[in-house]
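If you want the building blocks of each chain, they are given just below.
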Amino acid sequence: MSVSPGYLAFMALIPWVALPVSAAQSSPKVAQAATDVSQDSPKTAADASDLEVIQVIGTRLNLQQKALEVPRSMTIVTDKYIQDTQASQLSDVLIQTPSISVSDNDRPLMGDISIRGFGNERINLQVDGVTYKQYSDGSNNSSYISPLDLDPSIVKAVEITRGADGVATGSGAIGGQIKVVTKGAWDYTSGNAGSGVLLRAGMGDADDMRRGGVSAYHASEALAVVLHANRRTFGDVEINPRDAEGSLRGQADKLANQGQSDDLRLKVNLESRLGRFDSDTFYTESEIGELPFGNNPRWLGQALTETETATRLSQSFGYQYQGDTPWLNLNAKAYYQAYEKERDQLGKIVLGPSEYPFSSLATFKDTSFGLSLTNSIAHDSGDFRGQALMFTNIDRSEFDDKAMDRLTDRSSTYYGTSQGDTLAAGLSHEADYSTWLSTEAGMRFDAFSNSSDNYPEFGENSDQQWSANLGMTIRPTDWLRLYSRYNESFRGANLRELYKKDEWVCHRPSKACYSEPQPDLKPENSRNIEVGMGLVFNDLTFADQVLVKLNWFDTEVENYIDTAPYMYKLVDGQKVAASPAEATHRDYSSKNIGMLYSKGIEFEMTYQYASWDVFANYSRVRMDVEGVPNFYLGTIEAERQPYTRAPQDKINLGVSWQMFDELRLSWTASLGKDMQRLPELYLENDMDAKGYQIHNLYLTYQAPWLVSLELRAGVENLLDETYSMWPDDEDTSLPGRNVKLALSYHF
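Criteria and thresholds
- Residues numbered from 1 in each chain as written.
- Predicted model: local features only at pLDDT ≥ 70, side-chain atom pairs only at ≥ 80, totals over all residues.
- Heavy atoms only, no water.
- Helix = DSSP H or I, 4+ residues; strand = E, 2+ residues; numbered from the N terminus.
- Buried < 20%, exposed > 50% of the residue type's maximum accessible area, 1.4 Å probe, protein only.
- Pairing = 2+ DSSP bridges.
- Core = buried A, V, L, I, M, F, W, Y, C linked by side-chain atoms within 4.5 Å.
- 1 Å grid on protein atoms, 1.4 Å probe; cavity = no way out; pocket = protein on both sides within 12 Å on 5 of 7 lines; lining within 4 Å.
- Points joined across faces, edges and corners; volume = space filled by probe spheres on them.
- Axes fitted to C-alpha atoms, helices over the stretch in contact; angles between N-to-C directions.
- pLDDT = per-residue confidence, 0-100.
- Contact = heavy atoms within 4.5 Å.
- Polar contact = N/O pair within 3.5 Å; in protein donor to acceptor, adjacent residues only side chain to side chain.
- Phe/Tyr/Trp six-rings, centres within 6.5 Å; stacked < 30°, edge-to-face > 60°.
- Lys NZ or Arg CZ within 6 Å of the ring centre and 35° of its normal.
- Patch = residues over 30% accessible without salt bridge, like charges linked within 9 Å, V, L, I, M, F, W, Y side chains within 5 Å.
- Areas by Shrake-Rupley, 256 points an atom, 1.4 Å probe, with all protein chains shown as cover.
- Salt bridge = Lys/Arg side-chain N within 4 Å of Asp/Glu carboxyl O.
- Lys, Arg positive; Asp, Glu negative; His and termini not counted.
- Charge placed at Lys NZ, Arg CZ, Asp CG, Glu CD.

## Topic: unusual backbone geometry
For the peptide bond that leads from Trp726 to Pro727, omega is 20°, which places it in the cis range. A positive phi is found at Asn295, a non-glycine position, where the angle reads about 50°. If you trace the backbone, Asn295 turns up in the loop between β14 (275–291) and β15 (304–322). Of note in this structure, Ala610 is not a glycine but carries a positive phi near 55°. Within the element layout of this structure, Ala610 appears in the loop between β31 (591–609) and β32 (612–626). Overall, Ala610 belongs to the partly exposed group, its relative accessible area being 47%.

## Structural notes on the pairing of strand β3 (residues 112–115)
Consecutive residues of a regular strand have side chains that alternate between opposite faces of the sheet. Residues of β3 alternate between two faces, with Asp112 and Ser114 on one and Ile113 and Ile115 on the opposite face, all of them buried. Note: strand β2 (residues 100–103) against β3, four bridges, orientation antiparallel. Among the inter-strand pairings, Ser103 is bridged to a residue of β3, identified as Asp112.

## So, the sheet that holds strand β6 (residues 155–162)
Neighbouring strands of a sheet are bound in pairs by backbone hydrogen bonds; such pairs are parallel or else antiparallel. Pairing is mixed in the open sheet, where five strands are placed in the order β1-β6-β7-β4-β5. Since the sheet does not close on itself, it has two edges, and those belong to β1 (73–78) and β5 (130–131), each with one partner. By the bridge criterion, seven bridges tie β6 to strand β7 (residues 176–182) in an arrangement that is antiparallel. Residue pairing for β7: Ala157 is matched across the bridge by Val181.

## Topic: the nonpolar core
What tends to happen in soluble globular proteins is that the nonpolar side chains get buried as a cluster. Formed by 46 residues in total, the largest nonpolar core has its most connected members in Val158, Ile178 and Val180. If you look at the next biggest cluster of nonpolar residues, it comprises 15 residues, including Met110, Ala310, Phe364 and Tyr415.

## Side note on empty space enclosed by the protein
Overall, the coordinates contain six cavities of 30 Å³ or more when judged by the stated rule. In this structure, the largest cavity occupies an estimated 610 Å³ of space. Forming the walls of the largest cavity are 35 residues, and the residues nearest its centre are Asp92, Ile95, Glu716, Tyr723 and Pro735. When contributions to the lining of the largest cavity are tallied by element, the ones reaching two or more residues are α5 (91–94), β37 (663–672), β38 (692–702) and β40 (738–746). In terms of residue count, the dominant contributor to the lining of the largest cavity is β38 (four residues).

## Quick look at the sheet that holds strand β25 (residues 512–515)
Within the open sheet, the five strands sit side by side as β24-β25-β30-β28-β29. Their pairing is mixed. Here the strands that pair on one side only, and so sit at the sheet edges, are β24 (502–505) and β29 (574–577). When strand polarity is set aside, the average angle formed by the axes of neighbouring strands in this sheet is 35°.

## Description of the confidence of the model for the protein chain
Across the protein chain, the average pLDDT comes to 85, with 88% of residues at 70 or higher. Note on residues 41–65: pLDDT under 50 across the span, and 81 contacts to partners over four residues away in sequence or across chains.

## Quick look at the side chain of Arg664
Mapping Arg664 onto the fold places it in strand β37. Among the polar contacts listed, one links the side chain of Arg664 to the side chain of Asp84, at a separation of 2.7 Å.

## Some words on the packing of aromatic side chains
For the structure shown, the criterion picks out 20 aromatic pairs. Taking 5.0 Å as the distance between ring centres and 20° as the angle between the ring planes, the aromatic pair formed by Tyr135 and Tyr339 counts as stacked. Highlighted residues: Tyr135 in the loop between β5 and β6 and Tyr339 in strand β16 (residues 329–351), separated in sequence by 204 residues. As far as the burial class goes, Tyr135 and Tyr339 line up, both buried. Taken together, a centroid distance of 6.1 Å and an interplanar angle of 65° make the contact between Phe293 and Trp299 edge-to-face. Through a chain of ring-to-ring contacts, three or more aromatic side chains come together here, namely Tyr135, Tyr339, Phe364, Phe399, Tyr414 and Tyr415. Stacked on the ring of Phe553, the Lys or Arg Arg116 has its end atom at 3.7 Å from the ring centre. Across from the ring centre of Phe282, 3.9 Å away, lies the NZ or CZ of Arg265, which sits over that ring.

## Some words on a negative patch on the surface
Together, Asp205, Asp236, Glu238, Asp253 and Glu290 line one region of the surface with negative charge. Among the secondary structure elements, Asp253 is positioned in the loop between β11 (237–238) and β12 (254–255). Taking relative accessible area as the criterion, Asp253 reaches 46% and is therefore assigned partly exposed.

## A look at the pairing of β37
Across the 10 residues that make up β37, a large majority, seven, are buried. Across 10 bridges, the pairing between strand β36 (residues 650–660) and β37 is antiparallel. The residue bridging Lys650 from the neighbouring strand is Gly672, located in β37. Linking β36 to β37, which pair antiparallel, is a turn of two residues.

## A few points about the pattern of salt bridges
Taken as a whole and judged by the stated rule, the model has 45 salt bridges. Residue Asp624 pairs with Arg677 through a salt bridge whose shortest N-O separation is 3.0 Å. One end of the pair, Asp624, is in strand β32; the other, Arg677, is in the loop between β37 and α9 (680–684), with 53 residues separating them in the sequence. Overlapping salt bridges, with partners in common, bring together Arg116, Arg162, Glu530, Glu602 and Glu604 in one network.

## Quick notes on a nonpolar patch on the surface
Together, Leu482, Tyr486, Ile529, Val531, Met533, Leu550, Trp552, Ile601 and Phe603 give the surface a local cluster of nonpolar side chains, amounting to about 690 Å² of exposed area. For the nonpolar patch, the secondary structure elements donating two or more residues are β23 (480–491), β26 (524–540), β27 (543–562) and β31. Looking at the element boundaries, Ile529 is found in strand β26. When its relative accessible area of 41% is taken as the criterion, Ile529 is described as partly exposed.

## Considerations on the environment of Thr413
Secondary-structure assignment places Thr413 in the loop between β19 (410–412) and β20 (417–433). Accessibility expressed as a relative area gives 25% for Thr413, which makes it partly exposed. Note: C-alpha distance between Thr413 and Ala362 (51 residues apart in sequence) is 8.9 Å. If we skip the residues at most four places from it in the chain, Thr413 touches Asp401, Asn454, Tyr455 and Lys501. A distance of 2.6 Å separates polar atoms of two side chains, one belonging to Thr413 and the other to Asp401. At a separation of 2.8 Å, a polar atom in the side chain of Thr413 contacts the main-chain amide nitrogen of Gly416.

## Some remarks on the environment of Pro98
Positionally, Pro98 belongs in the loop between α5 and β2. Overall, the relative accessible area of 1% leaves Pro98 in the buried class. Here the alpha-carbon distance between Pro98 and Ala616, two residues 518 residues apart in the chain, equals 9.7 Å. Discounting residues that sit within four places of it in the chain, Pro98 has contacts with Thr75, Arg162, Glu602, Glu604, Asn617, Tyr618 and Ser619.

Below you can see the structure in the form of structure tokens.
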């Protein structure tokens, strides 16, 4: 299949997966469709020209085809876009895609990613096939540092799937999944033999960012080895202290911040007559300092700060064997991952005449290890072809936390030591019927069991769940695509929601606050329906290509888990909901609070003509919830009301102009709408959020006299707007105008 050079540049530049050019030009899903962004594949010289479009996914399907031939809402961010925008964090590029938001992102190295309002552990994050957890116990995060803690400069592609996918991932992917694949040696050599070193450096003005890294690689026809080493440092964050009218907002023009992240990754790929062997070793250490108490802007003026340090060690081994028959295509992966966090609190809070000193060190360690096995069976009989995939995996997770109060010299635990085991098996099938119809279907069974060493009297949490999906894509003409998909997914309660225990006196001496283990928590169950259409037009008078995609989704989650405070008093030994004045107890345990609803639309468009490329996307998400305790009245509110974690309505725009062969100019913009669809309590207390318009300008230059050198410059937040992004508090301001510079040199 041939693709124009201008379109290749466009696909590499923007965070967009285009729709297929036509069924006649490009066959729909083939047997390799199940091989996704989480895999590497060796390159051949014939593939070199299509490196970014085809090889980045590791299949014979290109990015154009994959976006619409599968009935999913999908975007793929390529390495060229990451490089051109000089992204210092992966969240910087993710938020340019529909329905993605990042909370707690006022400081670098922080930020929790959500899709369609589902965050924490309700989306699946994978890096090179290994799951990276977001640590939470319901609504509260146990870690400030972003779970996607790797340097973006070594990333080859990011695949974002919006919407539930329980068959593919099991527990957790209610909102969707994000898969990251890093670069191997063959990505630097286009599949040929060779060795080299890539040096890179960059800086940012508003966040005092400095970054440097090196990638050294060696590749032969059978062996590929690459070593990545990177460091990123950040200082105080400069913000615009004035509002849209030019008035001071009562904030300083700098946000105290100190951060650093170091990462080291070794990737080895070996092809042999016995199959392919892969090894991926990754170590990262990140630290953020000068945070206010609880990372809450209300405590910025207090003499109390927190510092958090996190380390991650990940090791995986993979093996692939393709037999001489279509019945044997084996893929095995074993993995181990350890994540350890320390949070150091030091200082005091002053409230009137009273002082509350803090001096404590809290730690937790989470480890997981497991094994997955898959075998695919391909079939091809004329116009009917596809593949069946059989899979099974086992996983073991362990969690442990400790806290030391230096003031009282006492140690304690909140979550304790706990562990969980999961066994899963399933079957999926993808097929094409001639050029007009593609289908996918699958079923998965998960059985899991969790227990605690610290709270054995509360018993074990165990359950089993089925997941299923069914989807189809219809191609009635070369320019029209229609698709629909039904998916079931679930999320079992994590170890921190199940096992946490504490008691304290709160609000007034007569009130007891507590949380306790909840081993009877039911899994969240999700049902997701998606319907969409796509248009593709080629070789028009004033367009080489126009691509349009429109998607509507509707998701319901039963037994949603949240940490919602419930106030009550005891009457004849029974818990009776009570107002703040009457309540004697407040329960902060995790609970199944009822039903959660998320529905909306997503629109994406690209336009390409000569040296010009344009993209636009729009997302609108509406979330509601039933069964939430009313914090002030002490009652359970059964009526449906807005849920506060939905993202703002958002438009993303971008234009790329290849001015000369060596010079490219790009402009992107994000426009967020006012966030006012909130509970009445939020609106009455002016807790809504204002909209924003953020404009960014980037320049990429490759010297014709030295092709190994690339220079990049950019200005983000060009108009120096003061803004925040929901669901963050409006007092959480993001950086002002930010000048960025970067260079790379390839030996």
